[in-house]
Each structure stands twice: as C-alpha cells, then as structure tokens.
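# Per-entry structural report
Here are the chains, one letter per residue:
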Amino acid sequence: MAADLDGQDWLDMDSIEQALFNRLLLLEPGNHLIYMTSCSMVNLSADRDAGEKCAIPYLYACYQRAKEEVTKVPEKLLPFAVRCKNLTISNARTVLLTPEIYVNQNVYEQLLDLLLEGVNSAQLDQVAEFAEEVIAGLLADQEVRTFGEVIVPVLDIFQGRVKDLDLCQLLLYSYLDVLLYFSQQKDIAKVLVEHIQPKDPSNGLQYQKTLLGTILNISCLLKTPGVVENHGYFLNPSRSSPQEMKVQESNIHQFMGQFHDKLHLILKNLLQQTNETRHLLLSWLGGCLQANTGRTKIWANQMPEIFFQMYASDAFFLNLGAALLKLCQPFCRPNSPKLLTFNPTYCALGELSEEERRNRNVHARGLDKETCLIPMPPQQNVEFAHSYSLLTENLILTQLTLHLGFHRLHDQMVKMNQSLHRLQGTWREAQLSGGPAAEQLREQFEHLMTVYLSTKAAATQPTMLQNCLHLQASCAALLVQLGMNNRGPDHLPLRYPLPLLTNNQLCHVPEFFVDNLGDFFIFLRRFADEVLETWAESLEQVLNFITMFMGNVERMSNPHLRAKLAEVLEAVMPHMEASSPGSTQPIVFQRQRVFCTYCHAPRLAEALITVFVDIEFTGDPHQFEQKFNYRRPMYSILKYMWNTESYRDSIKHLATYASENLEAMNPPLFLRFLNLLMNDAIFLLDEAIQFLSKIKVLQLERDRGAWDELSPDARREKESSLQMFGQLGRFHNIMSNETIGTLAFLTSEIKGIFVHPFLAERIISMLNYFLQHLVGPKMGALKVKDFSEFDFKPHQLVSDICTIYLNLGNEENFCASVPKDGRSYSPTLFCQTVRVLKKINKPGDMIVSFSLLADKIKSLADRHQQEEETYSEAPDEFLDPIMSTLMLDPVVLPSSNVTVDRSTIARHLLSDQTDPFNRSPLTMDQIRPNEELKQQILQWLAEHKEEREQMGPSG
C-alpha cells in the first residue's frame with residue numbers, strides 16, 4: 001500500500017477502506033503490528049485489539065472505537081469519523097456475505113460468540129446496535145447471499161451448542177438471552193420461524209429436532225428414558241435425607257422458573273412480530289400438536305421404544321405447556337370479560353387451505369374429529385367466525401398441549417408411585433431373608449426413585465402449577481357461562497333452575513377441556529395438595545362447574561367424564577388426613593370455608609347422587625367393573641357432606657321426597673341410589689369373603705410346606721394367584737367397608753325409606769347374611785394371616801351393621817321384618833353378635849341396646865313362626881309367583897296380566913324397568929291393584945285368625 005500511496009504520508013478514506021479490507025485477509029495480523037516511535041511502553045490491550053485474528057470481533061471493536069471518535073472529533077472531521085464507522089459495518093456485511101475468502105475463520109460462530117459475550121458482559125445493547133446496522137446492510141444487499149442464508153448457519157451453530165446443555169447450567173441462560181434477542185429482531189425472527197418448519201410435518205419427533213424443539217427438550221427429566229447414568233439429579237436417593245432432596249427440588253424449580261420465563265418471552269416476541277412471523281409460529285404449533293396426537297393412545301404408553309421414535313418427548317410438552325400457560329395468564333381470571341370472547345366453533349372447523357388458515361387465524365388441526373361435551377343437535381347450524389381471536393387460539397393450543405403432555409406425565413407418576421411402593425416392600429422382605437437379591441432390589445429401587453423424583457420435580461414447579469390452576473379455574477367458569485347460554489359481555493351468576501339449551505356451543509367444546517381440568521386437580525391432590533389452598537376463588541368456580549355438569553347429561557353426555565368429576569370433587573374437598581403415611585397433615589382452611597359456605601350445596605349433593613346412579617348403565621362392556629372404581633371417591637364425599645349441615649339437609653330432603661313418591665312412574669333418585677348401594681354392598685362383601693377364603697387356603701398350603709414340592713413354574717403360579725387374590729380381596733374389602741359405612745351414617749337420620757317394605761326385607765337379609773360370616777362359625781374361613789394387608793376390618797363391619805340395626809330398631813315394621821329372613825336369621829346369630837361386640841370392646845350402652853333389640857326381634861320371630869304355619873296352608877293363587885310368599889297387596893301387570901305383590905314388583909323395577917314375565921316396558925304407574933284378590937286374601941287371613949283364636953294356645 002505504501003507504494004500505491006506514491007509518497008503520500010497520510011491516509012485518505014479510499015486508502016483506509018483498502019487497508020481495512022487487506023487487514024481482514026491477514027492470517028496472522030499480530031505479526032504485522034507497527035508500533036509508534038513515540039511509544040515507550042507495551043500496550044497489551046492495543047496489541048490484542050490490533051492483532052485480533054477473528055474478523056467479526058475485530059470489526060466490532062473498530063466500530064466501538066469509531067463510534068467513540070464520532071462523539072469526540074471536531075465538527076470538520078465528523079464526516080470522516082462517521083465514514084470510518086460505516087466502513088466497519090460494510091466490511092462486516094462483506095465478511096458475512098463472502099465467508100469463504102476468510103481462511104480458517106467461521107464468521108457465523110464469531111457473530112454468535114459476539115452476541116454471547118454481549119450478554120455475559122451486560123453489553124448486549126451495544127452489540128445489538130452494531131448487529132442492527134449490519135442486518136440493515138445485509139437486507140439491502142442480497143445478491144450474493146440472502147439474509148436467511150447468512151442467519152441460518154448462526155441458528156444451526158446455536159442449536160448445536162445448546163442441545164447438550166443442562167437445565168441448571170448458567171451458560172444455557174446466556175444462550176436463551178441471545179435467542180431472546182433473535183425473537184425481538186423482526187428480520188431474524190422471521191428467518192427463525194421459517195427455519196424451524198420441519199421437512200416432514202406429519203412426524204411428531206421432527207418438531208423436537210428443530211431449534212425451538214431442542215430448547216423445549218431441556219429439563220431435569222431423563223434425556224434417554226430408562227438411562228440414569230450421567231443424569232445430574234437425585235442420584236442415590238436412599239442415601240440422601242429428605243431435606244437434601246427438598247433443597248435439590250427447590251433448586252430445580254428455581255431454574256425451571258427462569259427457563260419458562262425466557263421461553264414465554266421468546267414465544268411472546270415472535271407472536272408480536274409481523275403477521276407472517278406469527279402465522280408461521282402458530283402453524284408450527286398447530287402442526288406439532290397434530291403430529292403428536294398419538295401420544296394419548298393407549299399403545300403409546302405400552303410400547304416406549306416405538307413411542308420415542310415417533311413423538312416429541314415429555315420434557316418438550318411440559319415446557320411448551322408452561323410457556324403457553326404464561327401466554328394465557330392475561331385472561332386467566334374467572335370473571336375476566338375477555339374469557340367470554342372465546343369462540344368454541346373454532347373446534348368445529350374442518351380442513352382449511354393455508355391461505356384460509358392465515359386469514360382466519362386457525363392453526364390447530366383435526367379438532368373437528370374430537371368428541372365434544374354433547375353431540376351437535378341435528379337442526380343446529382354452526383355460525384363460524386370470519387376470523388378468530390388470539391385468545392381463542394391460545395386457549396385451545398394450550399389445552400391441547402396439556403392434553404398431549406400433562407396427562408401422560410401424571411399417569412407415569414402414579415404408576416411409578418405404585419411400583420416404588422411394591423419394590424420397597426419386596427426389598428425389605430429380601431433384606432430380612434438375606435442373599436444377593438436384596439442388593440439387586442435396592443439398585444432397582446434407587447433407579448426408579450431417581451426417575452420418580454426427577455419427574456415430580458419437573459411436574460410440580462410452583463409457578464407453572466399456579467398458572468395452570470388459574471387456567472383450569474377460568475375454563476371451569478367459561479364452561480358454566482356456556483352452560484347457561486350466556487352470549488353477553490359479562491359473567492352471569494349460576495342460578496337454578498338451569499335454562500334450556502338453545503343453539504348452545506357446548507357441542508363444539510372438546511372433551512379434553514374437562515379431561516385436563518380433572519387430571520390437573522387429581523394431580524394436585526396426589527402430589528401438590530398445598531396449591532389448592534392458594535386461591536379460594538378458583539375452588540368456587542370448580543364447584544360451580546361440577547355442580548352444573550356432574551349430574552347433567554344434557555350438558556355432558558359422557559357418563560365416564562361425569563364420573564371423573566366426582567373424583568375431582570374428592571380431590572378439591574377438604575381432607576383432614578395426610579395424603580400419605582408420614583407426611584404432614586394438610587392445611588384445609590380455605591377449602592373448608594368454601595365448601596361450608598357454598599351457596600349451591602343442595603344441588604351439589606343431588607348431582608353426586610345422580611352420577612352415582614347414572615354410571616350403573618354406561619353402555620360400556622366393562623360397565624360392571626368400572627362402576628366400583630368410579631364410586632370409590634363418592635363414598636368419602638358423601639361422608640364429608642353428611643357431616644356438614646347444608647349438605648346433610650339436602651340429602652335428607654331427597655330421602656323424604658323418595659319416601660313420598662315410591663310409586664312414581666320414574667323411581668325417585670334417592671330410592672334408586674339406595675337400591676344400587678345395597679346391590680354394591682351385597683356383591684362387594686360377598687366377593688371379599690370369597691377371596692379371603694381362597695387366600696386362607698393358599699396361605700395354609702404355603703405355610704405347611706406344600707409349595708416346596710412343586711415345580712418352579714407351579715410355585716410361581718401359586719404365588720401369582722395369592723398376589724392376585726390379595727389385590728382383589730383388598731379392593732373388595734375397601735369398597736365393602738365404604739358401602740356398609742355409608743349405610744350406617746345414612747340410617748342415623750333417615751328412617752322412613754329404609755323401613756318401607758320396598759327395601760326393609762332386602763337390607764335385613766343383607767345384614768344378617770354378613771353377620772353370619774362375621775360372627776358365626778363361618779368366620780374361621782376368613783382368618784387370613786394379616787387382616788390389615790387386605791384391608792379386612794371385621795370389627796368395623798360388625799360395628800357398622802349393628803349401628804344400622806340400632807338406627808332402625810325403633811321402627812316396629814322393620815323389626816317385624818327381621819325374622820322373615822329365612823336364609824340367615826336365627827336368635828343364635830344375634831347372641832353371637834352380642835358376644836363379638838363385648839369381645840371388641842364396644843361401648844356398654846351399644847351392647848345393652850343391641851341385646852334388648854335381639855330380645856325384641858326374638859319375640860317377633862316366635863309370632864312370625866305362627867303366622868308362617870298359617871300361611872303355609874294358603875292357596876297357590878294367594879302366593880307371589882316370584883317370592884312364593886303370601887301377597888298382602890296384589891297388583892296386576894298390564895302386559896303379562898300376571899298378579900304379583902306390590903313390594904315384589906317395586907323392588908324389581910328399581911333395577912329393571914320391564915315386566916319380569918315378558919320383558920315389556922313397565923313402570924309403577926302402569927300397574928293396577930287386584931282388589932278382588934286382595935279381599936279374598938284378607939278374608940282368608942281373618943278366617944284363619946279366628947280359627948286360631950278359637951283353638952287357643954294349645955292349638
């Protein structure tokens with residue numbers, strides 16, 4: 001260059017431009033440094049800056065110096081200083097457009113590192129200023145390379161670096177700040193959302209392999225399912241104290257909070273950029289969710305090796321859900337007017353062209369194939385919107401994400417919890433017996449515990465749970481408004497009676513909205529109970545939702561979903577006991593207050609009893625087995641309600657109404673409820689008795705050494721049978737304890753309906769049959785090794801049965817019906833019961849009362865025996881054709897023209913509304929009294945009574 005200057009001893013702008021270009025091409029610029037003759041000291045900083053090998057950081061340093069000169073030079077030199085600054089920008093553009101001429105340099109890495117350094121040194125604003133000017137230059141000159149072709153390599157390098165970073169590494173958050181900058185810069189943001197579109201949009205896993213998917217996949221969950229090695233969390237949990245694990249969980253939650261905040265801001269920035277950028281991001285989300293719908297299939301959980309080759313990970317969906325939940329928070333308040341702008345018809349839209357999706361803001365796909373809360377009435381037309389709000393899309397995309405992600409994670413945690421419980425028991429047994437199996441079981445336990453604790457930490461991040469609570473409570477409020485046909489701008493209070501549904505939008509709301517709500521509150525009860533105390537207003541909204549929908553088939557047609565709401569109700573109601581042994585007693589103050597002051601308490605109690613009855617017949621081939629699982633939470637709710645005056649009064653009101661309308665065309669709700677309750681009690685305790693008998697036999701065989709002579713396969717089969725019978729016996733015992741306990745507290749204040757002939761004889765035969773097995777000689781067959789292992793509580797059952805007897809014992813016709821139970825009643829049975837009551841230390845007044853009742857029933861039994869002898873001579877036409885007992889109130893069935901006793905057909909119609917003789921439809925209002933036969937029977941009875949009296953006692 002000196003030769004080119006031809007004796008010129010100063011630099012003009014052209015020569016500076018040439019010098020800068022040549023300087024950038026030097027491989028070792030440090031070897032060409034020229035020191036000023038006046039400089040006596042070595043300036044290391046100047047050496048480093050002047051000798052910088054990398055083009056981008058060198059140009060950035062030049063830019064900074066030139067920018068400083070712009071503020072300092074005299075005005076006449078200002079244009080030259082500005083041109084020097086612009087030279088750094090134009091050269092930076094040249095470097096990025098023609099990187100191949102800069103040997104041994106990766107200029108894209110240099111740009112990323114410059115941004116990263118700006119983040120780490122809190123000088124991102126300065127770096128961004130430089131970057132903005134370079135970007136403007138790149139956008140103005142796209143002949144050699146497009147702007148996208150410059151930025152994509154930077155994004156690829158970014159993705160390659162972050163994919164192996166850990167949730168708790170600080171470096172990750174520096175990279176996220178760089179990505180945050182990308183999302184704020186509209187031109188880079190557009191390239192970013194274009195770049196993340198997968199090559200195969202139908203492959204769910206492809207979305208995880210994009211840059212955004214790579215970020216979303218970072219969490220404390222295992223990177224490779226089942227592989228604990230190199231996992232950085234909760235290693236050797238059995239050697240860590242609960243406090244240490246709590247600290248580690250708290251640390252993870254803190255990092256997760258920061259991580260989700262960054263993700264939320266990135267998505268928010270992208271959505272607030274240009275319409276095109278927003279459309280591309282929402283298209284990515286919609287495509288991703290549709291491609292991953294298979295995550296909810298049953299087979300997906302049973303075949304994990306195929307699952308992880310086809311779908312995005314649990315971590316991906318957990319983080320995406322957390323970020324979307326944050327986007328929903330501005331309208332997640334139960335009385336937010338914004339909520340009412342939600343338009344469910346979005347979910348009814350079928351296939352749309354790409355242009356239509358863009359113009360109408362519809363990016364979720366396949367929702368028209370989802371089952372909705374109620375079927376669409378045939379005459380109803382769908383009023384689709386020309387364009388849908390971002391609130392509608394946000395809410396639907398968030399609920400769909402939770403449906404695909406949270407449900408599976410919750411299911412995994414429940415199964416792991418059960419497996420850990422079983423493993424711990426087996427491990428302890430192995431430790432007692434010694435041998436190598438104990439160490440192997442310990443390793444299995446450690447491994448599974450690490451997975452469980454990591455999953456629990458990921459799923460219970462407090463801010464995420466709070467945000468989800470706000471969303472689900474708001475959706476509950478929204479569905480209540482839809483259930484009231486509210487199309488106005490303000491929320492309406494829930495009032496009864498509910499309006500008729502007209503042109504209602506519930507037929508467009510997918511069932512997964514309610515499934516998500518149910519899953520979430522059940523999850524909180526199991527794993528984060530304290531969250532339920534944090535927002536009382538949300539509990540009121542959930543109670544309103546359950547009250548409206550649980551017993552209302554017109555607003556929610558799926559009986560399984562309505563039964564799930566009973567489990568939700570159990571989850572949110574106050575629990576006085578700890579959720580697991582050893583854990584602290586929960587705080588339930590807010591829940592107690594909300595439940596006790598709930599203004600629709602009578603309606604809630606009625607809804608619970610309605611769904612109890614409705615799930616008897618769901619149309620499902622497994623309805624018989626399912627109903628017991630569905631009813632399990634209902635018993636504890638009923639027990640809680642019974643102890644609260646407002647609920648108890650409403651249940652008593654239903655019982656009174658049933659007593660007064662026993663022969664209504666449709667059997668009253670409470671009558672059907674009691675009939676099913678007794679059906680369940682009889683079946684469950686009978687099954688429990690059978691299983692306990694089988695367990696007793698197997699235990700005796702094992703203890704006597706009979707299994708020692710068996711082949712290994714035969715022995716395993718015996719052990720498997722014992723385990724299976726144990727599980728079944730325990731389940732049936734738990735449920736029978738609940739049913740008998742429920743009858744015990746109901747009879748404390750409800751008498752009339754229980755002592756009516758419709759039910760009295762049935763409940764008496766049930767109670768006597770159970771006493772026969774619990775206090776008589778048959779009890780020996782049930783004496784298994786450890787009652788508690790199978791939840792067998794004979795003392796409690798005997799106590800509850802005696803309580804029922806004492807509750808109803810003052811009713812004369814009830815006591816008179818006891819001896820009519822020819823199958824199980826005997827005076828000896830009641831004497832044995834008194835002996836057991838003494839043995840189990842029941843209070844003296846209970847024992848005395850039951851003894852007096854036994855004596856009273858014995859005297860009635862003697863009288864009954866005399867009547868039976870009389871009735872045995874009755875003509876056949878006076879006998880009930882079903883029960884073979886003397887009819888006291890004969891009635892004629894209209895279609896078969898058969899005469900039966902009124903109480904017999906009434907009991908039959910509770911379970912089956914058909915004529916038992918020809919299966920024709922039949923209701924109580926259709927039967928007609930057979931007055932002629934009734935008079936004949938009464939006359940016959942009077943004659944026989946007169947004969948007996950004439951014969952005297954000796955007769």
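Criteria and thresholds
Residues numbered from 1 in each chain as written. Predicted model: local features only at pLDDT ≥ 70, side-chain atom pairs only at ≥ 80, totals over all residues. Heavy atoms only, no water. Helix = DSSP H or I, 4+ residues; strand = E, 2+ residues; numbered from the N terminus. Rg over C-alpha atoms; globule rule 2.2 N^0.38 Å. Buried < 20%, exposed > 50% of the residue type's maximum accessible area, 1.4 Å probe, protein only. Contact = heavy atoms within 4.5 Å. Patch = residues over 30% accessible without salt bridge, like charges linked within 9 Å, V, L, I, M, F, W, Y side chains within 5 Å. Areas by Shrake-Rupley, 256 points an atom, 1.4 Å probe, with all protein chains shown as cover. Salt bridge = Lys/Arg side-chain N within 4 Å of Asp/Glu carboxyl O. Core = buried A, V, L, I, M, F, W, Y, C linked by side-chain atoms within 4.5 Å. Phe/Tyr/Trp six-rings, centres within 6.5 Å; stacked < 30°, edge-to-face > 60°. Lys NZ or Arg CZ within 6 Å of the ring centre and 35° of its normal. Disulfide = S-S within 2.5 Å. Polar contact = N/O pair within 3.5 Å; in protein donor to acceptor, adjacent residues only side chain to side chain. Lys, Arg positive; Asp, Glu negative; His and termini not counted. Charge placed at Lys NZ, Arg CZ, Asp CG, Glu CD. Pairing = 2+ DSSP bridges. Axes fitted to C-alpha atoms, helices over the stretch in contact; angles between N-to-C directions. 1 Å grid on protein atoms, 1.4 Å probe; cavity = no way out; pocket = protein on both sides within 12 Å on 5 of 7 lines; lining within 4 Å. Points joined across faces, edges and corners; volume = space filled by probe spheres on them. Parallel < 35°, antiparallel > 145°, perpendicular 65-115°, else oblique. Left-handed = near helix turned anticlockwise from the far one by under 90°. Nonpolar A, V, L, I, M, F, W, Y, C, P; charged D, E, K, R; others polar. pLDDT = per-residue confidence, 0-100.

## Topic: the overall build of the chain
Tallying secondary structure elements over the chain gives 38 helices and three strands in all. Taking 30 Å as the expected radius of gyration for a compact globule of 955 residues, we find that the chain reaches 39 Å, considerably beyond that expectation. By principal-axis analysis of the C-alpha atoms, the chain measures approximately 155 × 70 × 45 Å. Out of the 955 residues belonging to the chain, those deemed buried represent 52%. In the chain, 75% of the contacts between residues at least 6 apart in sequence involve partners at least 24 apart.

## Thoughts on a nonpolar patch on the surface
Where nonpolar side chains cluster on the molecular surface, the patch consists of Ile882, Met883 and Phe917 and spans about 260 Å² of accessible area. Structurally, methionine 883 is set in the loop between α36 (844–871) and β1 (890–892).

## Concerning the nonpolar core
What tends to happen in soluble globular proteins is that the nonpolar side chains get buried as a cluster. Formed by 299 residues in total, the largest nonpolar core has its most connected members in Phe545, Phe670 and Tyr805. Residues within four places of tyrosine 805 in sequence aside, it is in contact with Ile764, Leu767, Asn768, Leu771, Phe814, Val818, Phe830, Phe850 and Leu853. Core analysis: the second largest hydrophobic core is formed by eight residues, Ala874, Phe878, Leu886 and Trp940 among them.

## So, unusual backbone geometry
Here the bond from tyrosine 496 into proline 497 is cis, since omega is 0 degrees, no more than 30 degrees from zero. Topologically, proline 497 is positioned in the loop between α21 (462–483) and α22 (512–527). Of note in this structure, aspartate 791 is not a glycine but carries a positive phi near 55 degrees. Position of aspartate 791 among the secondary structure elements: in the loop between α32 (757–775) and α33 (794–808). For aspartate 791, a relative accessible area of 17% translates into the label buried.

## What about the packing of aromatic side chains?
Throughout the structure, instances matching the rule amount to 32 aromatic pairs. Here the aromatic rings of phenylalanine 406 and phenylalanine 520 are separated by 6.3 Å at their centres, their planes lie at 55 degrees, and the arrangement is tilted. With a gap of 114 residues between them, phenylalanine 406 in helix α19 (residues 390–433) and phenylalanine 520 in helix α22 connect regions that are remote in the sequence. Taking the relative accessible area as the measure of exposure, phenylalanine 520 reaches 1% and is therefore buried. Relative to phenylalanine 673, the ring of phenylalanine 612 has its centre 4.9 Å away and its plane inclined at 75 degrees; by these criteria the two rings are edge-to-face. One end of the pair, phenylalanine 612, is in helix α26 (residues 601–614); the other, phenylalanine 673, is in helix α29 (residues 669–703), and 61 residues separate them in sequence. Since its relative accessible area comes to 1%, phenylalanine 673 is described here as buried. These aromatic residues form a ring-pair network of at least three members: Phe406, Phe520, Phe521, Phe523 and Phe527. Positioned above the aromatic ring of phenylalanine 612 is the side chain of arginine 631, whose terminal nitrogen or guanidinium carbon lies 4.3 Å from the ring centre.

## Details of the state of the cysteines
For the structure on display, the rule yields zero disulfides. Left without a disulfide partner, cysteine 288 is nearest to the cysteine sulfur of cysteine 328, which lies 16 Å away. Here cysteine 288 falls in the buried class, since its relative accessible area comes to 0%.

## Points about the side chain of asparagine 930
Within the secondary structure, asparagine 930 is located in the loop between β3 (928–929) and α38 (931–951). You can call asparagine 930 buried: its relative accessible area is 18%. Within the local environment of asparagine 930, its side chain forms a polar contact with the side chain of threonine 899, the two groups lying 3.2 Å apart. When neighbours within four sequence positions are excluded, asparagine 930 is seen to be in contact with Pro890, Val891, Val892 and Thr899.

## Some points on the pattern of salt bridges
Pairing between side chains of opposite charge can happen when the charged atoms of each approach one another. Under the definition given, this model contains 46 salt bridges. Lysine 246 is the salt-bridge partner of glutamate 249, the closest N and O atoms lying 3.5 Å from each other. Here glutamate 249 and its partner lysine 246 are both found in helix α13 (residues 242–272), three residues apart, which amounts to about one turn of the helix. Of the residues examined, glutamate 249 reaches a relative accessible area of 9% and is grouped as buried. A salt bridge links lysine 718 to glutamate 701, with the shortest nitrogen-to-oxygen separation between them at 3.1 Å. You can see lysine 718 sitting in helix α30 (residues 712–746) and its partner glutamate 701 sitting in helix α29, a full 17 residues away along the chain. Given a relative accessible area of 24%, glutamate 701 falls into the partly exposed group. Through salt bridges with shared partners, a single network forms among Arg525, Asp529, Glu533 and Arg591.

## A short note on a negative patch on the surface
Taken together, the side chains of Glu873, Glu943, Glu946 and Glu947 define an acidic patch exposed on the protein surface. Looking at where glutamate 946 falls in the secondary structure, it is placed in helix α38. For glutamate 946, a relative accessible area of 46% translates into the label partly exposed.

## Regarding the sheet that holds β1
Read across the sheet, three strands follow the order β2-β1-β3 without closing on themselves; strand pairing throughout is antiparallel. Edge positions in the sheet fall to β2 (899–901) and β3, since each of these pairs with one other strand and no more. As paired elements, β1 and β2 share three bridges and run antiparallel to each other. Considered in β2, the bridge of valine 891 is made with valine 900. The strands that helix α37 (residues 902–911) touches are β1, β2 and β3; relative to β2, the one it contacts most, it runs at about 85 degrees.

## So, empty space enclosed by the protein
Using the criterion set out here, one finds seven cavities of 30 Å³ or more in the structure. Of the voids in this model, the largest cavity is the one considered here, and its volume is about 110 Å³. Lining the largest cavity are 13 residues, and of these Leu111, Ala131, Ile135, Ile151 and Ile188 lie nearest its centre. Taken together, the elements giving at least two residues each to the lining of the largest cavity come down to α6 (107–120), α7 (124–140), α8 (147–162) and α9 (170–184).

## Structural notes on the environment of proline 510
Positionally, proline 510 belongs in the loop between α21 and α22. Excluding residues that lie within four positions of it along the chain, proline 510 makes contacts with Cys347, Glu370, Thr371, Cys372 and Leu373.

## A word on the environment of leucine 221
With respect to the helices, strands and loops of the structure, leucine 221 is situated in the loop between α12 (211–216) and α13. We classify leucine 221 as buried; its relative accessible area is 12%. For the pair leucine 221 and lysine 456, spaced 235 residues apart in the sequence, the C-alpha separation amounts to 9.2 Å.

## Side note on the packing of helix α17 (residues 314–328) against α21
It is the contact of α17 with α21, at a shortest axis distance of 9 Å, that shows an interaxial angle of 55 degrees. Considering their axes alone, α17 and α21 lie oblique with respect to each other. Two packed elements cross with a definite hand, and for α17 against α21 that hand is left-handed. In contact with Leu318, Ala322, Leu325, Lys326 and Cys328 of α17, α21 contributes Thr463, Met464, Asn467, Cys468 and Leu471. Its residues assigned to classes, the contact of α17 with α21 comprises seven nonpolar, two polar and one charged.

## Quick word on the confidence of the model for the chain
Here the chain averages 88 in pLDDT, while 92% of its residues score no lower than 70. Here helix α1 (residues 2–5) stands out as the least confident element of the chain, with mean pLDDT 52; α12 is the most confident, with 97.

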